[in-house]
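Descriptive analysis of the structure
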Amino acid sequence: MSDDVEKGRVGGSFEDFLKDQGTYEATADQAIKRVLAFQLAAEMKSQGISKKKMAERLETSRSQLDRLLDPENDGVTLAMLTRAAKAVGRGLRLELT
């Protein structure tokens, strides 16, 4: 038996696996939403912005802000994400790939 390790690819990528399972698009969408929710919450924390103050800046309710910050909630609109980014002095960049 040889102790040599075979070089090369072990298998397909995780992305390929998700595509084969038919879950790539949903998984990618959910991952993007999770990252945006995390970044927004982190920016609020770094600037010392409370949820109450952020809701006021967005001219919305605290419960609506909670939905925006919920990484599981994928019903957030692009307009709301843009408003939230501006409320913390940031921008939102989208691109087609």
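As a reminder, the structure under discussion sits directly above these lines.
Residues numbered from 1 in each chain as written. Predicted model: local features only at pLDDT ≥ 70, side-chain atom pairs only at ≥ 80, totals over all residues. Heavy atoms only, no water.

**Description of the nonpolar core**
Cut-off, in case you're wondering: As used here, the term nonpolar core means buried Ala, Val, Leu, Ile, Met, Phe, Trp, Tyr and Cys residues forming a set that is joined through side-chain atoms within 4.5 Å. Type-normalised accessible area, obtained with a 1.4 Å probe on protein chains alone, sets the label of each residue: buried when under 20%, exposed when over 50%, and partly exposed for intermediate values. Each helix is a run of DSSP H or I of at least 4 residues and each strand a run of E of at least 2, with the numbering of both proceeding from the N terminus. Contact definition: two residues touch when any of their heavy atoms are within 4.5 Å.
The biggest cluster of nonpolar side chains holds 15 residues, and the ones touching the most others in it are L40, M44, M54, L58, L65 and L68. Secondary structure elements with two or more residues in this core: α2 (24–47), α3 (51–58), α4 (62–69) and α5 (78–87). Ignoring any residue separated from it by four or fewer positions in sequence, one finds L68 in contact with K33, A37, L40, L58, V76, M80, L81 and A84.

**Considerations on the packing of aromatic side chains**
To be explicit about the condition: Only Phe, Tyr and Trp rings are paired, with Trp represented by its six-membered ring, and only when their centres lie within 6.5 Å; those with planes under 30 degrees apart are stacked, over 60 edge-to-face, the remainder tilted. Comment: the charge-over-ring label is applied if NZ (Lys) or CZ (Arg) is within 6 Å of the ring centre and within 35 degrees of the ring normal.
With the rule as written, the count across this model stands at one aromatic pair. With a centroid separation of 6.1 Å and an interplanar angle of 20 degrees, the aromatic rings of F14 and F17 are classed as stacked. In this pair, F14 and F17 are both assigned in helix α1 (residues 14–21), three residues apart and thus about one turn of the helix distant. Residue classification places F17 among the partly exposed residues on the basis of a relative accessible area of 45%. Lying across the ring of Y24, K19 places its NZ or CZ 5.0 Å from the centre.

**Digging into α4**
Note the cut-off: Directions are taken from the helix axis to each C-beta atom, and the arc is the one they span.
Buried within α4 are the following residues: L65, L68 and L69. For α4, the angular spread of buried residues about the axis comes to 90 degrees, placing them on one side.

**Section: the layout of surface pockets**
Using the following cut-off: A cavity here means a set of points on a 1 Å grid, drawn over the protein atoms and nothing else, where a 1.4 Å probe fits but cannot get out; a pocket is an open set with protein on both sides within 12 Å along at least five of seven lines, and a residue lines either one if it has an atom within 4 Å of a point. Grid points are joined across faces, edges and corners, and a volume is the space filled by probe spheres set on the points. Only Asp, Glu, Lys and Arg are considered charged in this grouping, and only Ala, Val, Leu, Ile, Met, Phe, Trp, Tyr, Cys and Pro are considered nonpolar; every other residue, Gly among them, is considered polar.
Roughly 670 Å³ of volume is contained in the largest pocket. Taken together, 23 residues make up the lining of the largest pocket; nearest its centre are I32, L36, Q39, L81 and L92. For the lining of the largest pocket, the elements supplying multiple residues, two or more each, are α2 and α5. When residues of the lining of the largest pocket are assigned to their parent elements, the largest contribution, 10 residues, is made by α2. Of the residues in the lining of the largest pocket, the class split is 15 nonpolar, two polar and six charged.

**Things to note about the packing of α3 against α4**
This is how it is decided: For every element, the axis is a line fit to its C-alpha atoms; helices are fit only across the contacting stretch, and the angle between N-to-C directions ranges from 0 to 180 degrees. Any angle from 65 to 115 degrees is called roughly perpendicular, while one under 35 is roughly parallel, one over 145 is roughly antiparallel, and all others are oblique.
At a minimum axis distance of 9 Å, the contact between α3 and α4 shows a crossing angle of 100 degrees. With respect to their mutual orientation, α3 and α4 come out roughly perpendicular. Along its contact with α3, which presents K51, K52, M54, A55 and L58, the element α4 presents R62, L65, D66, L68 and L69. Each residue belonging to the contact of α3 with α4 can be placed in one class, and the counts come to six nonpolar, no polar and four charged.

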